[in-house]
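Structural overview
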2 protein chains.
Amino acid sequence: MSVTFPRGFWAAGAAAGIKPSGASDVSLVIAQEPLPTAAVFTQNGAAAAPVRLSRRHMEISGGAIRGVTLNSGCANAATGELGDQAAVDMAAAVAREVGCEVSEVLVCSTGPIGPQLPMHKILPAMQLLVARAGSSQSAGREAAAGLMTTDTFIKEAAVSGPGGFRVGGMAKGAAMIRPSMATMLAVITTDAIASAQRLRGVLSRAVEETFNSINIDGCESTNDTVILMASGLSGIQPSPGELTKGVRKVCARLARDIVADAEDCTRVVTIQVSGAPDDGSARRMGMAIADSDLVRCSFYGGDPNWGRLVAALGACGEPMDASRIDITYQGTPVARGGTHTGVDLSTIEPLLVGDFEVEVVVGEGPGTARILTSDLTPGYVIFNGEPS
Amino acid sequence: MSVTFPRGFWAAGAAAGIKPSGASDVSLVIAQEPLPTAAVFTQNGAAAAPVRLSRRHMEISGGAIRGVTLNSGCANAATGELGDQAAVDMAAAVAREVGCEVSEVLVCSTGPIGPQLPMHKILPAMQLLVARAGSSQSAGREAAAGLMTTDTFIKEAAVSGPGGFRVGGMAKGAAMIRPSMATMLAVITTDAIASAQRLRGVLSRAVEETFNSINIDGCESTNDTVILMASGLSGIQPSPGELTKGVRKVCARLARDIVADAEDCTRVVTIQVSGAPDDGSARRMGMAIADSDLVRCSFYGGDPNWGRLVAALGACGEPMDASRIDITYQGTPVARGGTHTGVDLSTIEPLLVGDFEVEVVVGEGPGTARILTSDLTPGYVIFNGEPS
């Protein structure tokens, strides 16, 4: 169940012909009136046209958004003025069909960077999406399918909160996943009652521990966007804590699916950092470990090569004392006080056959973070080495 | 020709038995009296015991150094107090044999992080090295061989400067190569007359454009060290510019060899950045491009995937205007003003079969940098995924 699980949302997906394969490549999530909405976007300095347009629409509308149109197969990034116009045209086509302001429509794109969108295919598809939009579960699933690039499965999630308010969401991932203050494309819906301002706080808290705590390849995208819309149709006004909990659950599920579906990855590794001066420092240390090619190669090999984690921590620029680092692989202490515990590493290798967890204690501070990453595999390199 | 090319240096290499393979794993470079010496070290917060010891010896001796002892097969990093004592014992063993202060000996180690050095094998080897040290070309070559870890060839270089002063050097590389203010292990010798203070300036300038401008895998090492010693035995006192030129030539040759010998790389790619606000900014942008797994995958595939370069630039935190980026692959313009020039990318692929160059213009500033990197290959991942 996805974005149509909460009451008050209609969705659709279709194949507009952007992808040569003929697979689904456009999606729409729409409501019957402008809804309180929050959004976070990539911090990338080369942000794509749809990101820049959606940021502007959030400002103009004051966070009152009628719908989101999305496409895969083309990121509409590094596309100049032609690309800017294409993003506006996508929003305008939807606005015309549903009868709203252009600034009440957000636009998300994902796919290769550089090519221009085939607008002669996309504009008719926008009409089709509005006509087909439905509130059924399958309509939500179709919308989630329209986001997929190299994803191998549809990413959707849904939960109910106290009193029966609902939260649903869809996302896409696959690669170029190293969110910074934002994430890949995701649309989260809820039928809870909440103002746009409250949603901003809820989304920012939920994203920090979910989408902002995953890292597949250290590559921050030009198109990352997460949107949260609230219809209020449940009639329930949950506390900020309750709503954050619901939204975080949906985000966490989608974030984990993104890592599990990393291009050609063979396992998900959880890096649990604690003892840092604060949570931000812990997150930067965990991300530095996940950024390291040599660390992710060792994850691929199921090799408890803890020395590479120490080197990554030392290089990350965070204040640290190498003689205070403890490292535990899947429950077995491997390093204490920055040196080897003496455990025979070959006895740990059998514990590292599937997904596993690495605990890293960097000192005695209160800061913690939980980072999800995938391994770096020969398949990832071959896949991303092929001219597209 | 290597460290023994300049007059006044003796060298040796030997197999102490640190490496299970029985290959050469210890080296020595020594002079007949303490010489003016400069050194730069890794900025890694988890710097290895030999790095911390050598830093201290440079301070105590005021840059008057008799010799350098080096080992491969074990980084002596993350080894606690035992590791600190081992580094001191290596220096002391050499000092005792040659009859100098312990603080006049520098120590370098390279290899896996975590294991302790087998001191019962190393201490007798220190004696042997001093006894065997010679000033022949082959003695220099033996010393260079003793540095090798996963290197596939010996890295040495030598040049003569105006008036006949000489500069020679040796280095090791292979992986965990992302120098920051320093580099991998390298010892550079010269018979020019120069004070330790002058050598510091020369080394810092030479390293910036050579060792600090290469990047194999974005992983900064715990053990990076470059040492420059001057015997003065040529009787020539070159200008700082002449000496820098000679030292830079030797460093550049060693740096390029390090990239060419990157673990399982198939090509060297030169990233030429210009138009940045200053050289430092240009270097950080070039390094960000080389840091990107997706970019280095595209280098492996010979794919002119310029959009990934734009995304890497946007993510690197340097001030930039994405609409000002020009990208040229091997002489063919691919992007101008941040968008595709329209060139058929498949016509460029045949140009990218071997080593190639990518030019990136990021604006109109005076800053430039030239970064050497290798491609990310399935072989690198397999090699570094195997438990060691």
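The text that follows walks through the structure, step by step, so that each part is easy to find.

Thresholds applied
Residues numbered from 1 in each chain as written. Chains lettered and ligands numbered in written order. Predicted model: local features only at pLDDT ≥ 70, side-chain atom pairs only at ≥ 80, totals over all residues. Heavy atoms only, no water. Helix = DSSP H or I, 4+ residues; strand = E, 2+ residues; numbered from the N terminus. Rg over C-alpha atoms; globule rule 2.2 N^0.38 Å. Buried < 20%, exposed > 50% of the residue type's maximum accessible area, 1.4 Å probe, protein only. Contact = heavy atoms within 4.5 Å. Areas by Shrake-Rupley, 256 points an atom, 1.4 Å probe, with all protein chains shown as cover. Buried area = accessible area lost by both parts, 1.4 Å probe. Salt bridge = Lys/Arg side-chain N within 4 Å of Asp/Glu carboxyl O. Polar contact = N/O pair within 3.5 Å; in protein donor to acceptor, adjacent residues only side chain to side chain. Pairing = 2+ DSSP bridges. Axes fitted to C-alpha atoms, helices over the stretch in contact; angles between N-to-C directions. Phe/Tyr/Trp six-rings, centres within 6.5 Å; stacked < 30°, edge-to-face > 60°. Right-handed = clockwise from strand over helix to strand, strands pointing away. Least-squares fit on C-alpha atoms with pLDDT ≥ 70 in both. Parallel < 35°, antiparallel > 145°, perpendicular 65-115°, else oblique. Left-handed = near helix turned anticlockwise from the far one by under 90°. Nonpolar A, V, L, I, M, F, W, Y, C, P; charged D, E, K, R; others polar.

The next point concerns the overall build of chain A. When you go through chain A residue by residue, the secondary structure sums to 10 helices and 15 strands. Rg of the C-alpha trace for chain A: 21 Å, near the compact-globule value of 21 Å for 388 residues, within the 12% margin. Its C-alpha atoms give chain A principal-axis dimensions of roughly 70 × 50 × 35 Å. Taking all 388 residues of chain A together, the buried fraction comes to 62%. Summarising the internal contacts of chain A: among those between residues at least 6 apart in sequence, 79% fall at separations of at least 24. Summing over all exposed atoms, chain A offers an accessible surface of approximately 12900 Å²; the carbon and sulfur share of this is 50%.

With that settled, the discussion passes to the interface of chain B and chain A. The partner chain A presents 48 residues to the 48 residues of chain B that form the contact. Together, the buried faces of chain B and chain A total about 3500 Å²; carbon and sulfur atoms form 67% of this surface. Contact with chain A buries surface across chain B, with Asp293, Leu294 and Val381 of chain B losing the most and accounting together for 16% of the total. Run the count over chain B and chain A and you get 2 salt bridges. As a salt-bridge pair, Arg296 of chain A and Asp293 of chain B come within 2.8 Å of each other at their nearest N and O atoms. The tally of links from chain B across to chain A stands at 4 residue pairs in polar contact (both at pLDDT 80 or more).

So, on to helix 8 (residues 293-301) of chain B. All names here are of chain B. The element helix 8 is largely enclosed, with a buried count of 7 among its 9 residues. Along helix 8, the positions that sit buried rather than exposed are Asp293, Leu294, Val295, Arg296, Cys297, Ser298 and Phe299. At the exit of helix 8 stands Gly302, carrying a positive phi of roughly 60 degrees.

This next bit is on the sheet that holds strand 10 (residues 268-276) of chain A. Residues and elements named next belong to chain A. Pairing in this open sheet of 7 strands is mixed, and the strands run 8-15-10-14-11-12-13 from one edge to the other. Where the open sheet ends on each side, the last strands, each with one partner, are strand 8 (214-215) and strand 13 (339-340). Packed on one face of the sheet, helix 9 (residues 306-315) meets strand 11 (326-329), strand 12 (332-336), strand 13 and strand 14 (356-361) and runs near 135 degrees to strand 11.

It is worth spelling out the side chain of Ser54 of chain A at this point. Residue and element names in this part refer to chain A. Relative to the helices and strands, Ser54 resides in helix 1 (residues 49-61). A residue is classified by how much of its surface remains accessible, and Ser54, at 1% relative accessible area, is buried. Residues within four places of Ser54 in sequence aside, it is in contact with Phe41, Leu106 and Val107.

Residues and elements named next belong to chain A. Applying the stated criterion to the full structure yields 4 aromatic pairs over all chains. Taking 5.5 Å as the distance between ring centres and 90 degrees as the angle between the ring planes, the aromatic pair formed by Phe299 and Phe356 counts as edge-to-face. Here Phe299, found in helix 8 (residues 293-301), pairs with Phe356, found in strand 14; they are 57 residues apart in sequence, far enough to count as distant. Aromatic rings pair up to connect Phe299, Tyr329 and Phe356 into one cluster.

Attention shifts here to the environment of Gly232 of chain B. Residue and element names in this part refer to chain B. You can see Gly232 is positioned in the loop between strand 9 (225-230) and helix 6 (240-260). With a relative accessible area of 19%, Gly232 lands in the buried category. When the C-alpha atoms of Gly232 and Pro112 are compared, they prove to be 36 Å apart, with 120 residues separating the residues in sequence.

Before going further, it helps to spend a moment on the pairing of strand 4 (residues 105-109) of chain A. One face of the sheet, then the other: side chains in a regular strand alternate in exactly this way. Residue and element names in this part refer to chain A. The element strand 4 is extensively covered by neighbouring structure, given that 5 of its 5 residues are classed as buried. With burial as the criterion, each face of strand 4 is covered, one bearing Val105, Val107 and Ser109 and the other bearing Leu106 and Cys108. Sheet analysis places strand 3 (residues 64-71) next to strand 4, joined by 5 bridges and oriented parallel. Its bridge partner lying in strand 4, Val68 is registered against Leu106. Note on the crossover from strand 3 through helix 2 (residues 80-98) to strand 4: the handedness is right-handed.

Turning next to the relation of the copies chain B and chain A. Taken as rigid bodies, chain B and chain A are interconverted by a rotation of 180 degrees and an axial shift of 0.0 Å, the fit giving an RMSD of 0.0 Å. The two molecules are tied by a two-fold rotation axis, judged by turn and shift. Minimal C-alpha separation from the rotation axis in chain B is found for Pro378 of chain B, amounting to 2.0 Å. Looking at chain B, 100% of its interface residues are interface residues in chain A too, so the copies touch through the same face.

This part takes up the sheet that holds strand 13 (residues 339-340) of chain B. Residues and elements named next belong to chain B. Here we have 7 strands laid out as an open sheet, ordered 8-15-10-14-11-12-13, and mixed in their pairing. What marks the edges here is a single partner per strand, and that holds for strand 8 (214-215) and strand 13. Note: strand 11 (residues 326-329) against strand 12 (residues 332-336), 3 bridges, orientation antiparallel. Across the sheet, the residue bridging to Thr328 is Pro333, located in strand 12.

With that out of the way, let us pick up the packing of helix 5 (residues 196-208) of chain B against helix 6 of chain B. All names here are of chain B. Their axes nearest at 9 Å, the elements helix 5 and helix 6 cross at an angle of 45 degrees. In terms of orientation, helix 5 lies oblique with respect to helix 6. Of the two elements, helix 5 crosses helix 6, and the hand of that crossing is right-handed. Facing Arg198, Leu199, Val202, Arg205 and Ala206 of helix 5, the residues of helix 6 in contact are Pro240, Leu243, Thr244, Val247, Arg248 and Cys251. When its residues are assigned to classes, the contact of helix 5 with helix 6 shows 7 nonpolar, 1 polar and 3 charged.

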